[in-house]
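For reference, the chains in residue letters:
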Amino acid sequence: MEQERLHPHATGELSNLLYDICLAAKIISRQVRRAGLTDILGAFGTKNIQGEQQQKLDVFANETVRNAIHYTGRVCVTASEEDDEPVPVPAGQRAGKYVVVFDPLDGSSNIDVNIPIGTIFSIYRRVSRNGPGNAKDCLQAGRHQVAAGYVLYGSSTMLVYTTGKGVHGFTLDPTIGEFLLSHPDIKTAPVGGYYSINESNFDRWSPAVQRVITNWKKGEGGIKPKNMRWVASLVADFHRNLLAGGVFIYPTDSKSPQGKLRLVYECAPMAFICEQAGGAATDGHRRILDIVPDTLHQKTPLVIGAKADVEYATEIIAAEPVTA
Ligand code: FDP
């Protein structure tokens, strides 16, 4: 509400859309908290377009987010990691001015073992004129985001979001079922004490990435040695670095020549949040928010977190000669 007051022409529609997403987050949170007790763990029995096994909770979270926002008249199309194509609002529903892209449950491989997972979302204004939205609405450069956020199902459930006026964190109070402002105006450290990377891929990285990580580990040229943390849920690792100070990297490697993470519904929203908190995000060459996606599920390498660390890594990676 405070943010809305900063925009004199706001109609309240964006706030209401954020409330719709909060409702989905509360429903998912309730299900995640009881997951070991109900029949919601394990594989759903289908694969998504990326060939990944869909978990029952992935499918539940996907339907929950979509159902919370498709029938409100506020959005015209949604797109998600779990859907092959963008999903326009159903025929007969009023199509609104917003577009929501999301990863309903990030960190799927952690679901069954009770390790933090998250939901990532990003909101754009539609570029199509009217009626149900389309793929073009979902394929905008990240710098055009109106809002972005994530929900972390950790030791408590937190919502962290930005509308381009700083980053704010809310903790779900389960006794009253509301997200309460607990972390106003989050700023991240300019230099991190931590790095997060799947170091088992070391031998598959380029020499430049190997050099960056070795230098961070050992300390080099005035850099203090960094400690390492790897939860293997982007939301959890990013959140930790945001609050404690650190940098997350998922580079290209010989097994994943385009990187592993998805630009539209994973990297772009996190990049918007990170920049708003004073950090930076690149693909090792370009600012993530400047990349115009060609396809919904396109992958990108990602370097994100403390500004000085992202700049350091980007300088070394970008200077590396391109090998065939
Ligand atoms: P997951 O495959 O479990 O869904 O989004 C992909 C992601 O998780 C990120 O959340 C996480 O940071 C990364 O992949 C984990 O990659 P590794 O399997 O290489 O550890």
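Residues numbered from 1 in each chain as written. Predicted model: local features only at pLDDT ≥ 70, side-chain atom pairs only at ≥ 80, totals over all residues. Heavy atoms only, no water.

### Quick look at the overall build of the protein chain
- Along its length, the protein chain carries eight helices and 17 strands.
- Relative to the 2.2 N^0.38 estimate, which gives 20 Å for 324 residues, the radius of gyration of the protein chain is 19 Å and therefore close to what a compact globule would have.
- Along the longest, intermediate and shortest principal axes, the C-alpha atoms of the protein chain span 60 × 45 × 40 Å.
- Every one of the 324 residues in the protein chain was classed for burial, and the buried ones make up 54%.
- Within the protein chain, contacts between residues separated by at least 24 positions form 62% of all contacts whose residues are at least 6 apart in sequence.
- For the protein chain, the exposed area adds up to about 14500 Å²; of that, 52% sits on carbon and sulfur atoms.
- Between the centroid of the 33 positive side chains of the protein chain and the centroid of its 34 negative side chains there is a distance of 2 Å. (Helix = DSSP H or I, 4+ residues; strand = E, 2+ residues; numbered from the N terminus. Rg over C-alpha atoms; globule rule 2.2 N^0.38 Å. Buried < 20%, exposed > 50% of the residue type's maximum accessible area, 1.4 Å probe, protein only. Contact = heavy atoms within 4.5 Å. Areas by Shrake-Rupley, 256 points an atom, 1.4 Å probe, with all protein chains shown as cover. Lys, Arg positive; Asp, Glu negative; His and termini not counted. Charge placed at Lys NZ, Arg CZ, Asp CG, Glu CD.)

### Describing the pairing of strand 17 (residues 302-305)
- Where burial is concerned, the two faces of strand 17 agree: the one with L302 and I304 and the one with V303 and G305 are both buried.
- Here strand 13 (residues 246-250) pairs with strand 17 via four bridges, running antiparallel. Bridge pairing in strand 17 places V247 opposite G305.
- Here three bridges tie strand 15 (residues 280-282) to strand 17, and the two strands are oriented antiparallel to one another. Looking across to strand 17, one finds that A281 is bridged to I304. (Pairing = 2+ DSSP bridges.)

### Quick look at the site of the ligand
- Close to the ligand lie 15 residues, the nearest being D106, L234, Y250, K260 and E266.
- A distance of 2.8 Å separates an oxygen atom of the ligand from a polar atom in the side chain of N198.
- Measuring from an oxygen atom of the ligand, one finds a backbone N or O atom of L234 at 2.8 Å.
- Where the shell around the ligand is concerned, the elements lending two or more residues are strand 13 and strand 14 (261-262). (Near = heavy atom within 4 Å. Polar contact = N/O pair within 3.5 Å; in protein donor to acceptor, adjacent residues only side chain to side chain.)

### Focus: unusual backbone geometry
- A positive phi angle is found at D185, which is not glycine, with a value near 50°.
- For D185, the position within the fold is in the loop between strand 10 (178-183) and strand 11 (194-196).
- For A232, which is not glycine, the phi torsion reads 80° and is therefore positive.
- Here A232 falls in the partly exposed class, since its relative accessible area comes to 33%.

### Description of the environment of R262
- The residue R262 is located in strand 14 in this model.
- Polar contacts involving the side chain of R262 include one to the main-chain carbonyl oxygen of K260, which spans 3.4 Å.

### Here we look at empty space enclosed by the protein
- Considering all chains together, one arrives at one cavity of 30 Å³ or more under this definition.
- Estimated volume of the largest cavity: approximately 30 Å³.
- Around the largest cavity sit T188, F238, N241, L242, G246, C274, G305 and A306, which together line it. (1 Å grid on protein atoms, 1.4 Å probe; cavity = no way out; pocket = protein on both sides within 12 Å on 5 of 7 lines; lining within 4 Å. Points joined across faces, edges and corners; volume = space filled by probe spheres on them.)

### Digging into helix 5 (residues 207-218)
- Relative to the 16 Å expected for twelve residues at 1.5 Å per residue, helix 5 spans 16 Å between its end C-alpha atoms, a close match to the ideal helical length.
- Those residues of helix 5 lying buried are A208, V209, V212, I213, N215 and W216. An end-on view of helix 5 places all buried positions within 160° of arc, on one side of the element. Away from its buried face by more than 90 degrees, helix 5 exposes P207 and K218.
- Where helix 5 is buried, its residues contact strand 11, strand 13 and helix 8 (307-318).
- The first or second residue beyond helix 5 is G219, which carries a positive phi of 85°. (Expected span 1.5 Å × (residues − 1). Arc of directions from axis to C-beta.)

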